[in-house]
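Take a look at the letters that make up each chain.
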Amino acid sequence: MRLYWELSRLAFRRQMAYRAATLAGLATNVFFGLLRAAVLVALFGARPEVAGYTVEDAITYTGLTQAIIGFLTIFGWYEIMRAVQAGEVAVDLLKPAGYFSFWLARDTGRALNQFLLRSLPIMGLYVLIFRGISTPTTIE
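### Comments concerning the side chain of Thr22
Alright, step 1. Relative to the assigned elements, Thr22 resides in helix H2 (residues 19-44).
Alright, step 2. Thr22 gets classed as buried once you look at its relative accessible area, which sits at 7%.
Alright, step 3. Setting aside chain neighbours within four positions, we find Thr22 in contact with Gln15, Asn113, Gln114, Leu117 and Arg118.

Now the structure itself:
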């Protein structure tokens, strides 16, 4: 278990080396999130509710979708493909760790970094800017 903890920690630290990329991703997500929110506010117009959703619900949806882009790697994760292409997969298979557990530990560190440095600040900005973030009252 210690091996996987160390792999996650090293992956977290590796992401910290790319601070400018993280800040650029944060700025991009905030910009496009605010743009999407502005479009949704305009679409709602004077209507308080559309199809059971309020403007606050639409803004919350926009904030959440922009916040999860970083840590879920929605647009693809190419580390394993690069390892196969470069031939590093053979070395990975020789390591004293399960192949999938090895990559899961690395991705967990990366995802935690992106969650802390991109997702939480995005949602914090949405709360500060819009003050109308809705939270679920019931689970259906």
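### Quick look at the nonpolar core
Alright, step 1. Counting residues in hydrophobic clusters, the biggest one holds 8 residues: Leu26, Val30, Ala37, Ile59, Ala67, Ile122, Met123 and Tyr126.
Alright, step 2. Secondary structure elements with two or more residues in this core: H2, helix H3 (55-72) and helix H6 (99-130).
Alright, step 3. Setting aside residues up to four positions removed in sequence, Val30 forms contacts with Ile122 and Leu125.
Alright, step 4. If you look at the next biggest cluster of nonpolar residues, it comprises 6 residues, including Leu7, Phe102, Trp103 and Ala105.

### A word on the packing of helix H1 (residues 2-16) against H6
Alright, step 1. The geometry of H1 relative to H6 is characterised by a closest axis approach of 7 Å and an angle of 45 degrees between their N-to-C directions. Our classification of the angle between H1 and H6 gives oblique. Regarding H1 and H6, the two cross each other, and that crossing is right-handed. Facing Tyr4, Leu7, Ser8, Ala11, Phe12, Arg14, Gln15 and Met16 of H1, the residues of H6 in contact are Ser101, Phe102, Ala105, Arg106, Thr108, Gly109, Arg110, Leu112, Asn113, Gln114, Leu116 and Leu117.
Alright, step 2. The residue inventory of the contact of H1 with H6, partitioned by class, reads 10 nonpolar, 7 polar and 3 charged.

Calculation criteria
Residues numbered from 1 in each chain as written. Predicted model: local features only at pLDDT ≥ 70, side-chain atom pairs only at ≥ 80, totals over all residues. Heavy atoms only, no water. Helix = DSSP H or I, 4+ residues; strand = E, 2+ residues; numbered from the N terminus. Buried < 20%, exposed > 50% of the residue type's maximum accessible area, 1.4 Å probe, protein only. Contact = heavy atoms within 4.5 Å. Core = buried A, V, L, I, M, F, W, Y, C linked by side-chain atoms within 4.5 Å. Axes fitted to C-alpha atoms, helices over the stretch in contact; angles between N-to-C directions. Parallel < 35°, antiparallel > 145°, perpendicular 65-115°, else oblique. Left-handed = near helix turned anticlockwise from the far one by under 90°. Nonpolar A, V, L, I, M, F, W, Y, C, P; charged D, E, K, R; others polar.

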